[in-house]
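Summary of structural features
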Amino acid sequence: MVAELYIYGRAFGLPSIDPQCLALISYLSIVSHQEYTIVECNDTGISPTGELPMLHDGKNWIGGASRIIAYLSKTGYNANEDLSSEELAKSVAYTSLVDESLTDALLYSWFADSENFLGAIRSSYSSLFPIPSRYILPIQMRKAAVQRVQKYGGIIESGALANTENTKVYDMARDCYRVLERKLGQNDFFFGAKPTSVDAKVFGYLALQLYPEIPNPRFQMILSSQFPRLVAYCDRCRDEFFANLPDTTLPSEPSPFFTNPISSPKEWFKNTFLTPTVVTSTPTTSSKSQGDEKSKTTKEERDFRLKRVYAITAGVVAMALYVIMNGLVVVGNEDEDEEEVEVNYTGASSDE
Amino acid sequence: MSDREEQVISTESEPVVEIVEEVQPDGSIIRKKKTTRKITKRVLTTGSSTLVSSSTNESEHASASTTTLEESKHELSTDATAITTDTTTTDTTTATATTSTTNTDNAGSAVDLSVDAEQPPSSTGRSFKYRFFGEGDSGNHPFYKYLAKFPLKQSPAPHTRSRPIKAILYAYAPGWHVGQESSLESEKSPVGSFDVESLKWMSYLKFNNIEFELKPAFEPGMSPSGKLPFLALPNGSFVTADGFESWVQDNKSQSAASKLDLQEAAEAVAFIALAESKIHAALLYTLWFEPSHFHTTTRQHYFGHYHWILTKVLSYMEKSNVASSMLLTRTQIDRELIFEEAATAIEALAVQLGDKDYFFGKSEPSGLDAVVFSYLHVILTMPRIRNAEDAGRSGELTRIVRKHENLFKYSQNIWKRWFAA
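Residues numbered from 1 in each chain as written. Chains lettered and ligands numbered in written order. Predicted model: local features only at pLDDT ≥ 70, side-chain atom pairs only at ≥ 80, totals over all residues. Heavy atoms only, no water.

Remarks on the overall build of chain A
What counts, and what does not: In this description a helix means any DSSP run of H or I spanning at least four residues, a strand means any run of E spanning at least two, and both kinds are numbered starting from the N terminus. Partly exposed residues are those whose accessible area sits between 20% and 50% of the maximum for their type, while under 20% is buried and over 50% is exposed, using a 1.4 Å probe and protein chains only. Note on contacts: a residue pair qualifies if any of its non-hydrogen atoms lie within 4.5 Å across the two residues. Each accessible area is a Shrake-Rupley result for a 1.4 Å probe, and residues are judged covered by the shown protein chains and nothing else.
Looking only at helices and strands, one finds 14 helices and four strands in chain A. Scored against the burial criterion, the 352 residues of chain A give a buried share of 44%. Partitioning the intrachain contacts of chain A with sequence separation of at least 6 by distance along the chain shows that 71% fall at a separation of at least 24. Counting only carbon and sulfur atoms, one obtains 56% of the accessible surface of chain A, whose full area is about 18,300 Å².

Structure representation (structure tokens):
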């Protein structure tokens, strides 16, 4: 069957808001043409590793960009076939450099900079998510991102002057851009005339730093003023990779992984109530015989569901008890309560 | 005595000082203070300072105080006194000196003071005395008499620390207690480290021919940045991770580590990033999350100098720190993926190195060599653990490195040339 790529949805005029997803789209457009479809799902809960992009090729569910690229190279979609072993070594090194430095730079400019986060990023992310998680997830993402870029100094409040903020992260990004530009040289792509996996990765990050219109586009300014060759490279890549994207479709089958009701209520509702049979009969990655598998999983699942019911009931009962015992909600007649209060009050005052 | 009582009351109120500068016809400037309150305060202090100094000679002292009183009254009538700040301070010191020594030859000093006492001593010294001993004769106070039995003596310092002549590197040291160095040797002069960051600093300093003295340290809190290693310089300043690179560049000798050209420098940056992300993750996993390593070697090396209870508690705290730091860059700690990536990274390094002595075929090591060597050396000299429960899991990273003979030789050669000699 046709492989499906699950990604974060589109934003800023790009197919996806996430650098890893962009990298994967680029990679797939390098190695295969129109052999896959894109599913904009925006829910990390459906992925086995809790991250998007995720690839589903009929029998395997693979989460995470590096795992997917490794899997695709093994199954015949290898963008690095033409590279010598030395070039391959270099490509590994550049990939890890990009993963470290450019991720930090992107997270810093998007989440640590309040002006950008409040002005553009939060609204772009929340337009992707359904109602309850729309208000929760962007804040959570920001928390995680700020923790990661803490080493460059914390959050910049909006309205802070440009010259008072520290320049550590910009120096770091500039170093990285310089390295990339030197490596690129006069070539069309990093290793000659044909794009490879490094190009996919680098473009995924650079595109999101270069194209979006955000209130404080420091990296865009650095790129367009000091690294014109990288800008030209990005334009070239955009024409090359995003020229004829496959259509976005709905997922052909629901994910077998646990979906929580907050991040994707529709998915969860469907999985839990509407299609219980589909969930149980979803083919898994293991290659055991079907019948054996089925009876085993159903027994386990029955057990699991029973326990879930117990847990939820216990939780609700505990909650109710807590509420009643602490007097948050008083059960009984209103008048009686008032009288009791009065008696207590007068008693206390007479003591004094 | 009635004068003194008045004066006590007047000190409670704050003196309002008005300074007027007048230029005399001969060119000198006379500063004048105009305030009645100020003058009564002055009178008060005259009384108090004579009070302190007089312990036996009551009558003389009384007369002295009255003379000063007259003087100040005279000043009151003219409303002007020329004073300088310098004389004020000296006066203060004399007043306090008499307070502390409680001398007995007061006849002369009392007269001296009464002459000096035109200037006001500081109000704090006086108020302290009043607060604790009232306005009675404090020289006779039993507390002062008692204190006089214990005069303060100053002895010369028995030991003064000499300034270090070369930079001192405080770092985790020495290395794992297996392999190249014997325990006897390491006690005399510690070499190497089991901590990658420390070893990185050592090799970088050695490669740049910078002399330093290594002091084993196990307490990250002693560093200004909260992280080991750090350098203490002879001039009293410290170098932490932030300024290390630039400090080395400023202080290295000319003939030191080889220069890379632009293209090579760019590639070196990429390979350093590779080692510090992928191999680092695998090493952290091996040290902290393989139970056999964690419970024996890691815990003992990082926290072994504490009491065993603290060792346990602190090592678990550090383990959770490591876990959260690893989770910043990934969604889950997946052993299989981490080791797969580490294997790819190590293979990339092996291919890049080839059969040369140092990276990029140089004759002298560079910064990239310092990083790669530190990782390889720590991994290769890690204690081997053999038990059934572990089943070779903890040695996986070492085995991955040992697959590449050139990396093993490379690490060994650097150790022999720069450290073991």
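From this point, the discussion proceeds with the structure in view.
A short note on the pairing of strand 2 (residues 36-40) of chain A
Residue and element names in this part refer to chain A. The condition that has to hold: What makes two strands pair is DSSP finding at least two bridges between them.
Among the five residues of strand 2, four are classified as buried, and the element is accordingly described as predominantly covered. Direction of pairing for strand 1 (residues 3-7) relative to strand 2: parallel, over a ladder of five bridges. Each residue of the ladder has a partner; that of Glu4, found in strand 2, is Thr37.

Quick word on the packing of aromatic side chains
Residues and elements named next belong to chain B. How we decide: Note on ring pairs: Phe, Tyr and Trp rings are taken, using the six-membered ring of Trp, and paired if centres are within 6.5 Å. Classes follow the plane angle, with under 30 degrees stacked, over 60 edge-to-face and the rest tilted.
Summed over all chains, the structure comprises 36 aromatic pairs over all chains. For the pair Phe207 and Trp418, a centre-to-centre distance of 5.0 Å together with 65° between the ring planes defines the contact as edge-to-face. Separated by 211 residues along the polypeptide, Phe207 in helix 9 (residues 196-207) and Trp418 in helix 17 (residues 405-420) bring together distant segments of the chain. With relative accessibility at 13%, the residue Trp418 sits in the buried group. Ring geometry for Trp288 against Phe294: centres 6.0 Å apart, planes inclined by 50°, an arrangement best described as tilted.

Re the sheet that holds strand 1 of chain A
Pairing between the strands of a sheet is mediated by backbone hydrogen bonds and can be parallel or antiparallel. Residues and elements named next belong to chain A. Note the following rule: Lines fitted to C-alpha atoms define the axes, with helix axes restricted to the stretch in contact, and inter-axis angles between N-to-C directions lie between 0 and 180 degrees.
Spatial ordering of the open sheet is given by 2-1-3-4, a layout of four strands whose pairing is mixed. Because the sheet does not close on itself, it has two edges, and the strands there are strand 2 and strand 4 (61-63). Direction aside, neighbouring strands of the sheet carry axes that sit 20° apart on average.

Concerning the pattern of salt bridges
As a reminder, the rule being used: Each salt bridge in this description consists of a side-chain nitrogen of Lys or Arg and a carboxyl oxygen of Asp or Glu lying within 4 Å of one another.
Tallied over the entire structure, the rule returns 21 salt bridges over all chains. By sharing partners, the salt bridges in this structure join B:Glu290, B:Arg335, B:Arg393 and B:Glu396 into a single network.

With respect to the sheet that holds strand 3 (residues 167-171) of chain B
Residue and element names in this part refer to chain B. Spatial strand order, 4-3-5-6: four strands in an open sheet with mixed pairing. Each edge of the open sheet is held by one strand with a lone partner, namely strand 4 (212-216) and strand 6 (238-239). Relative to strand 5 (residues 230-232), strand 3 is paired through three bridges, and the arrangement is antiparallel. From the neighbouring strand, Ile168 faces strand 5, where its bridge partner is Ala232.

With respect to the interface of chain B and chain A
How we decide: Take the accessible area each of two parts loses on contact, using a 1.4 Å probe, and add the two losses: that sum is the buried area. Residue polarity follows a fixed list, in which Ala, Val, Leu, Ile, Met, Phe, Trp, Tyr, Cys and Pro are nonpolar, Asp, Glu, Lys and Arg are charged, and the others, Gly among them, are polar.
Taken residue by residue, the interface counts 24 residues in chain B and 23 residues in chain A. In total, about 2,000 Å² of surface goes out of reach between chain B and chain A, with carbon and sulfur atoms giving 62% of it. The largest per-residue losses of area from chain B upon contact with chain A belong to B:Leu328, B:Thr331 and B:Val351, which jointly make up 21% of the total buried on that side. A:Arg67 is the salt-bridge partner of B:Asp334, the closest N and O atoms lying 2.9 Å from each other. Residue classes in the side of chain B that touches chain A are distributed as 12 nonpolar, seven polar and five charged.

Side note on helix 13 (residues 308-327) of chain B
Stated formally: To estimate the expected span of a helix, subtract one from its residue number and multiply by 1.5 Å.
Compared with the 28 Å implied by 1.5 Å per residue over 20 residues, the 29 Å span of helix 13 of chain B between its first and last C-alpha is a close match. On the buried face of helix 13 of chain B, the contacting elements are helix 11 (262-289), helix 12 (291-303) and helix 14 (335-353) of chain B.

Structural notes on a nonpolar patch on the surface
The criterion, for reference: For patch detection, residues must exceed 30% relative accessible area and be free of salt bridges, and they are connected within 9 Å for like charges or within 5 Å for nonpolar side chains (Val, Leu, Ile, Met, Phe, Trp, Tyr).
On the surface, B:Trp308, B:Ile309, B:Val313 and B:Met317 cluster together to form a nonpolar patch covering roughly 430 Å² of accessible area. On the basis of relative accessible area, B:Val313 is assigned to the partly exposed category, the value being 43%.

Focus: the confidence of the model for chain B
All names here are of chain B. Rule in force here: For every residue, the predictor states its confidence as a pLDDT score lying anywhere from 0 to 100.
Looking at chain B as a whole, its pLDDT mean stands at 72, while 62% of the residues score no less than 70. For chain B, helix 4 (residues 85-101) is the element with the lowest average pLDDT, namely 37, and helix 15 (residues 367-380) is the one with the highest, namely 93. Contacts from residues 1-13, a stretch scored under 50 in pLDDT, to residues over four places away or in other chains number 15 contacts. For this predicted complex, the interface confidence reaches an ipTM of 0.73, while the overall pTM sits at 0.68.

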